[in-house]
Structures are given as structure tokens and as C-alpha cells.
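Here are the chains, one letter per residue:
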Amino acid sequence: MTLVMGILNVTPDSFSDGGAYLDTEVAIAHARAMLAAGATIIDVGGESTRPGSSRVGLEDELARVVPIVAALAADGVTVSVDTMRAKVASAAIDSGARIINDVSGGLADPDMLGVVAQSSADFVLMHWRDHSERFQATADYDDVVADVLGELLAQRDRAVEAGLAPERIILDPGLGFSKNWDHNWTLLRHLHRFEGHGHRVLVGASRKAFLGELLGGREPLGRDGATAAVSFWAAQHGVWAVRTHDVTGQADAIAVARRLHREAPLPDGAHSW
Ligand code: PMM
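Residues numbered from 1 in each chain as written. Predicted model: local features only at pLDDT ≥ 70, side-chain atom pairs only at ≥ 80, totals over all residues. Heavy atoms only, no water.

Okay, the pattern of salt bridges next. According to the stated counting rule, one finds 10 salt bridges in the structure shown. Between Asp75 and Arg32 there is a salt bridge, with the nearest N and O atoms lying 2.9 Å from each other. Here the residue Asp75 occupies a position in the loop between helix H2 (58-74) and strand S3 (79-82), and Arg32 occupies one in helix H1 (residues 24-36), the gap between them amounting to 43 residues. With relative accessibility at 49%, the residue Asp75 sits in the partly exposed group. Here Arg32 falls in the partly exposed class, since its relative accessible area comes to 38%. With a closest N to O distance of 2.9 Å, Arg55 and Glu47 form a salt bridge. (Salt bridge = Lys/Arg side-chain N within 4 Å of Asp/Glu carboxyl O. Helix = DSSP H or I, 4+ residues; strand = E, 2+ residues; numbered from the N terminus. Buried < 20%, exposed > 50% of the residue type's maximum accessible area, 1.4 Å probe, protein only.)

Next up, the structure:
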């Protein structure tokens, strides 16, 4: 069954929720609300990857992320940490994180793959070409599906060489990262091509600009219905998890997909992690 990964951006500048969860207590309360709404993983991020955003310092990122990871992990929550830095990944794993979600797939920090390999954490390996200020310049493909998949699997091979067992690696096509609007739709249309490589697949479409464009320029907070439609599609393709701001909407969309496939919903509190 497709799981819901709830986004907890502890950043001042993320594109749809920047600044809302900078306070640790408020952030933890939001995580609990997402868990109650059906999330089974909380993805904590201390650095925005919004197009054009500049990078946060290491100490700031650590200070934002580690206390929240420690508090949630101590409560038994499955925590993922959205970071491109090996030092943040290492501190987060020491604080109880079970998944490292690196939007650069190990490309931004040469120590990342080794750090994760030495732990027991899972690794989200997203398709990435460059930092966000260069997204537009690097959105150039001959065949977007073949190119993205080929680059992802090449990076997967490097992760395996570094010592990560294939079953610990989760693939993500990286919607919005060095992709134009059509690229995102083409990747979603061919989502089945990302399955069958021996890895779980994660999709992050939540409130992204290509949905805003579809909806006539609607602002991020008005994109949750379209996000839920993508989650329905993802569930139909057997995707392992969707990364989202709006947990209720995605949990509902997945429940509809499950019922149509005649799977009974899991009882309250149960999850297939
Ligand atoms: N997108 C964002 C951040 N982290 N992680 C993964 N694995 N996949 C994504 O698509 C992804 C991500 C950007 O969105 P946000 O600023 O709303 O968190």
C-alpha cells in the first residue's frame, strides 16, 4: 500500500509553508497532526530547495533539524531527514532518523553515500542535476524518461558500490528539479518505468509549480486537490510513498485507489512500514 510521508519544513523560505514551523514545539505539534491524519513517515527538512533559494549554513541546518528528529524518534516515529549534507545525515541518524532523503541523490556531498552506507538508514535517491539556482539551465533532455531513469540508475550503482544494499535505496524521479512543466507530466505519465528495478519509488508532487500552471497560476495552498489526483495516480502505479504537505487529502486519495483495487483499508493506527 502507498504510504504518506508528511513534510515538515523547518525553514523560513520553503515555497508553500516557509516560516510556519521554525519553532520546535510548533513543528512537533504539526508532525503529530500529520501522523494523526494518516502519515506514517515525517520528513524533516532544514534547508529549502525552492527554485532560486540560497543554501543554509551547516550549523543552522543542524540546529533546525536535530532537536525535532530526536523528539519524534524518541516517540517511535519513523523520521526521514531531507538533507544534502553528510554531516546533517550523520547527526540525524545518531538522533534516530531511519531514512535520509537526499534530493541530490548523493551528488552534492561526496561523503553522503559512505555515511549512509555505514548506518542502517534507508536512502531516498532523487534525480538531481544541480543546485536550485541552476534548475532552469539544467532542464535539458533528449528523452526525459530515459535520461532521468538512466541517471538515477547510474547513481544507484554508485550507492551500491559505496555499500548500500539495493533494498535500502528508494528511487525518486525528482519532479520540479531541473524539469520544466512538460517534463514533470511526461515523467508522471511514465511512472511505471521507475518500477521494477528492485527499489521502492517515492513521488513528490505536493503543491509544485507544474500543478499551479495546470490550474491557471493558482497559489501553492490551492494545489492540494491536484496533488491528491497525482497521489491517486501514484497509488495506482504501486508507488511506495508520496511526499506531501496535505496528509489528509493524500490518505483519502490512496484509500479510494485501494478500495477500487478491492484492498481493505488497514485498521486505525496500523501501517505497513
Ligand atoms: N521536493 C522538495 C523537497 N524535497 N524530496 C524528495 N525525495 N522528493 C521531492 O520531490 C522533494 C523532496 C521540494 O518541495 P518542498 O519545498 O515543498 O519541500
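This brings us to the sheet that holds S3. With respect to topology, 8 strands assemble into a closed barrel ordered S1-S2-S3-S4-S5-S6-S7-S8, the strand pairing being parallel. The mean angle between the axes of side-by-side strands here comes to 25°, regardless of whether they run parallel or antiparallel. Taken together, the 4 bridges between strand S2 (residues 41-45) and S3 define a ladder with parallel strand orientation. Each bridged residue has a counterpart across the sheet, and for Val44 the counterpart in S3 is Val81. Along the sheet, H1 contacts strand S1 (3-9) and S2; its crossing angle with S1, the most-contacted strand, is approximately 165°. Relative to the sheet, helix H5 (residues 144-161) contacts strand S5 (122-126) and strand S6 (169-172), its axis offset from that of S6 by approximately 160°. (Pairing = 2+ DSSP bridges. Axes fitted to C-alpha atoms, helices over the stretch in contact; angles between N-to-C directions. Contact = heavy atoms within 4.5 Å.)

Once that is clear, we can look at helix H6 (residues 181-189). Turning to H6, its buried residues are His183, Asn184, Leu187 and Leu188. For H6, the angular spread of the buried residues around the axis is 130°, confining them to a single face. In this structure, H6 carries Asp182 and Arg189 as exposed residues pointing more than 90 degrees from its buried face. In this structure, the buried side of H6 is in contact with H5, strand S7 (200-203), helix H7 (209-214) and helix H8 (224-236). Among the residues of H6, the N-terminal cap falls to Asn180, whose side-chain oxygen and the backbone nitrogen of Asp182 are separated by 3.0 Å. (Arc of directions from axis to C-beta. Polar contact = N/O pair within 3.5 Å; in protein donor to acceptor, adjacent residues only side chain to side chain.)

Let us now look at the packing of aromatic side chains. Following the criterion strictly, the structure yields 2 aromatic pairs and no others. A ring pair is formed by Phe135 and Phe177, whose centres lie 5.2 Å apart and whose planes are at 65°; its orientation type is edge-to-face. Highlighted residues: Phe135 in the loop between S5 and H5 and Phe177 in the loop between S6 and H6, separated in sequence by 42 residues. For Phe177, a relative accessible area of 7% gives the class buried. Here the aromatic rings of Trp185 and Phe210 are separated by 5.0 Å at their centres, their planes lie at 75°, and the arrangement is edge-to-face. Highlighted residues: Trp185 in helix H6 and Phe210 in helix H7, separated in sequence by 25 residues. Given a relative accessible area of 1%, Phe210 falls into the buried group. The ring of Trp240 is capped by Arg200, whose NZ or CZ atom sits 4.9 Å from the centre of that ring. (Phe/Tyr/Trp six-rings, centres within 6.5 Å; stacked < 30°, edge-to-face > 60°. Lys NZ or Arg CZ within 6 Å of the ring centre and 35° of its normal.)

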